[in-house]
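Single-letter residue listing:
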Amino acid sequence: MTSQVEVVVTGLGATTPLGGDVASTWEAMLAGRSGVRRIDDDEHEWVNRHELPVKIAAPLAAAPTEVLSRVQARRMDRCEQVAMVAAKEAWAHAGAPEVEPERLAVVIGTGIGGAVTLLDQDDLLENGGLRKVSPLTVPMLMPNGPAAWVGIEFGAQGGVHAPVSACASGAEALAWALKLLRTGEVDVVIAGGAEACITGITVAGFVQARTLSQRNDEPERASRPFDVDRDGFVLGEGAGIMVLERAEFAAARAATVHGKLAGAGLTADAYHITGPEPEGTGQSRAIAAAVRDAGLEPTDVGHVNCHATSTVAGDVGETRAVRKALGDHPVLTAPKSQLGHMVGAAGAVESIVTLLSIRDGVIPATLNLEQLDPGIELDVVSGEPRKVDLTAAVCDSFGFGGHNAAIALTKS
């Protein structure tokens, strides 16, 4: 039975390969720009040092130090920095709610956490010994670091949580925030996902797993979900944060509402550590569960913002899951064609994109979709953004380990 407690979105924040905030990211998406570029430069010297075959990624468009002080940034891993940047924007966008500390919670997921810190500090230990290692090493590398720093910044004493479910982490964070608000434990939750792991070991690991595109000579055309010529995803970084409130609390303070987090579905494949279950059964169950949880019928959902990483098997399997759960009518798009794959941040950033599509009545196009894979029998937006009238949409996120998360969003 769906809870009668409505959960509304009052604040949005993001930092992505397309922009340093929500507005610039959204504008770039609708303009059809790509955040993917070559990274074999001085900043990423490890690309050539290790002779990596992948020389492209989707780094941040704006440095976190444009928002954070250098002192604050030095105490944080890059993953924690991006979480703080997005959280600050979301909190300000929500009007800085006046809420009792015990009634404020944080749920921010990450898939990998402080990989950059771990590698850097290990190098210092190996080359310079114990005295070179920072006393902040563990707080900087721990996966709960982004959530913890945000909780400290805003005085959240109602609980600070950090789901780690690979590429589904950001979406799962929103799902757990929804549960917290529905139970009445808190009135406001700062929720989302963060990731910043464009570094040698992660790129090398994904290369060895054969999941990354090697279209180095055409970076902006490399990420091509649903296209017959797709050859893997492009690693990105960033963060997406929502401020979520119980509707009654938001109404009492006359907050501006941008939409509703109406439902969530979480399932697991229990099949393979990296590969999705071939029939998409777990993915389909997550989508159907989110729709039921929102009190919607499948026919109410006009749009699905797809996980669609641009891998050969994953894209087709997801569309089968969508058809099984919802039917043939939803219109699809794939933001990773522009943003790259932000791992633990992906589901949160893409849920924001989904909410903006509902709010503004427009779905961004899937970039680089030149020839639709014949195994995909649904309507995918390509070429230009499509104007639509949406009341409800679903955002999919799936992760290594068989984690499946679907978020249902509706108009305010």
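Residues numbered from 1 in each chain as written. Predicted model: local features only at pLDDT ≥ 70, side-chain atom pairs only at ≥ 80, totals over all residues. Heavy atoms only, no water.

(A) Quick peek at the overall build of the protein chain. Helices and strands together make up the secondary structure of the protein chain, namely 14 helices and 15 strands. Here the C-alpha radius of gyration of the protein chain, 20 Å, is about what a compact globule of 412 residues would show, namely 22 Å. Counting only C-alpha atoms and orienting by the principal axes, one finds that the protein chain spans roughly 60 × 55 × 40 Å. Every one of the 412 residues in the protein chain was classed for burial, and the buried ones make up 59%. By sequence separation, contacts in the protein chain at least 24 residues apart represent 78% of the contacts at least 6 residues apart. Counting every atom, the protein chain has about 16,100 Å² of accessible surface; 51% of that belongs to carbon and sulfur. (Helix = DSSP H or I, 4+ residues; strand = E, 2+ residues; numbered from the N terminus. Rg over C-alpha atoms; globule rule 2.2 N^0.38 Å. Buried < 20%, exposed > 50% of the residue type's maximum accessible area, 1.4 Å probe, protein only. Contact = heavy atoms within 4.5 Å. Areas by Shrake-Rupley, 256 points an atom, 1.4 Å probe, with all protein chains shown as cover.)

(B) Quick look at a negative patch on the surface. A cluster of acidic residues, Asp120, Asp122, Asp123 and Glu126, forms a negative patch at the surface. When you line up the elements, Glu126 lands in helix 5 (residues 115–128). Looking at Glu126, the relative accessible area reads 59%, which means it is exposed. (Patch = residues over 30% accessible without salt bridge, like charges linked within 9 Å, V, L, I, M, F, W, Y side chains within 5 Å. Salt bridge = Lys/Arg side-chain N within 4 Å of Asp/Glu carboxyl O. Lys, Arg positive; Asp, Glu negative; His and termini not counted. Charge placed at Lys NZ, Arg CZ, Asp CG, Glu CD.)

(C) Geometry of the nonpolar core. With 46 residues, the main nonpolar core has Leu12, Val189, Met242, Leu244, Leu261 and Ile407 as its most contacted residues. Non-local contacts of Leu244, meaning those with residues more than four positions away in its chain, are made with Val7, Val8, Val9, Leu174, Ala177, Leu181, Asp187, Val188, Val189, Ala191 and Leu261. (Core = buried A, V, L, I, M, F, W, Y, C linked by side-chain atoms within 4.5 Å.)

(D) Highlighting the pairing of strand 14 (residues 392–399). Among the 8 residues that make up strand 14, 8 are buried, leaving the element largely enclosed by the rest of the structure. Judged by which residues are buried, strand 14 turns out to be covered on both faces: Ala392, Val394, Asp396 and Phe398 on one side and Ala393, Cys395, Ser397 and Gly399 on the other are all buried. Across 3 bridges, the pairing between strand 9 (residues 303–305) and strand 14 is parallel. Bridged to His303 within strand 14 is Ala393. As paired strands, strand 14 and strand 15 (residues 403–410) are joined by 8 bridges and run antiparallel to one another. (Pairing = 2+ DSSP bridges.)

(E) Looking closely at the packing of helix 1 (residues 22–30) against helix 14 (residues 346–360). It is at 11 Å that the axes of helix 1 and helix 14 come closest, and there the two elements cross at 70 degrees. Taken together, the axis directions place helix 1 and helix 14 in an arrangement best described as roughly perpendicular. Residues Val22, Trp26 and Met29 of helix 1 pack against Ile352, Val353, Leu356, Ser357 and Asp360 of helix 14. (Axes fitted to C-alpha atoms, helices over the stretch in contact; angles between N-to-C directions. Parallel < 35°, antiparallel > 145°, perpendicular 65-115°, else oblique.)

(F) Geometry of the state of the cysteines. Considering all chains together, one arrives at 0 disulfides under this definition. The structure places no disulfide on Cys306, whose sulfur is separated from the nearest cysteine sulfur, that of Cys395, by 8.9 Å. Here Cys306 falls in the buried class, since its relative accessible area comes to 1%. (Disulfide = S-S within 2.5 Å.)

(G) Just the pairing of strand 15, in detail. Burial runs high along strand 15: 7 of the 8 residues are buried. Across 8 bridges, the pairing between strand 8 (residues 259–268) and strand 15 is antiparallel. Across the sheet, residue Thr267 finds its bridge partner in strand 15, namely Asn404. Between strand 14 and strand 15, which pair antiparallel one after the other, the connecting turn spans 3 residues, and Gly401 there sits at a positive phi close to 100 degrees.

(H) Fine view of the environment of Ile352. Within the secondary structure layout, Ile352 lies in helix 14. Spatially, the C-alpha atom of Ile352 lies 7.7 Å from that of Met242, the residues being 110 residues apart in sequence. What Ile352 contacts, discounting residues up to four positions off in sequence, is Leu12, Gly13, Val22, Gly240, Ile241 and Met242.

(I) Representation of helix 9 (residues 200–208) in the model. Buried residues of helix 9: Gly200, Thr202, Val203, Phe206 and Val207, and no others. Residues of helix 9 that are buried sit in contact with helix 2 (46–49). Just downstream of helix 9, Arg210 is the residue with a positive phi angle, here 60 degrees.

(J) Structural detail: the packing of helix 8 (residues 169–183) against helix 14. Here helix 8 crosses helix 14 at 70 degrees, and the two axes come no closer than 4 Å. Classified by the interaxial angle, the pair formed by helix 8 and helix 14 is roughly perpendicular. Residues Gly170, Ala171 and Leu174 of helix 8 form the contact with helix 14, whose participating residues are Gly347, Ala348 and Ser351. Here the residues of the contact of helix 8 with helix 14 sort into 3 nonpolar, 3 polar and no charged. (Nonpolar A, V, L, I, M, F, W, Y, C, P; charged D, E, K, R; others polar.)

(K) Spotlight on the sheet that holds strand 6 (residues 188–195). Spatially, 5-4-6-7-1-8-15-14-9-10-12 is the arrangement adopted by the 11 strands of the open sheet, whose pairing is mixed. Edge strands, defined here as strands with exactly one partner in the open sheet, are strand 5 (160–161) and strand 12 (379–380). Across the sheet, helix 14 touches strand 1 (7–15), strand 6, strand 7 (238–246), strand 8, strand 9, strand 14 and strand 15, and the angle it forms with strand 14 is around 165 degrees.

(L) Here's a closer look at unusual backbone geometry. At Ala166, a position not held by glycine, the phi torsion is positive, near 55 degrees. Relative to the elements of secondary structure, Ala166 occurs in the loop between strand 5 and helix 8. A residue is classified by how much of its surface remains accessible, and Ala166, at 18% relative accessible area, is buried. In this structure, Ala270 takes a positive phi of about 50 degrees despite not being glycine.

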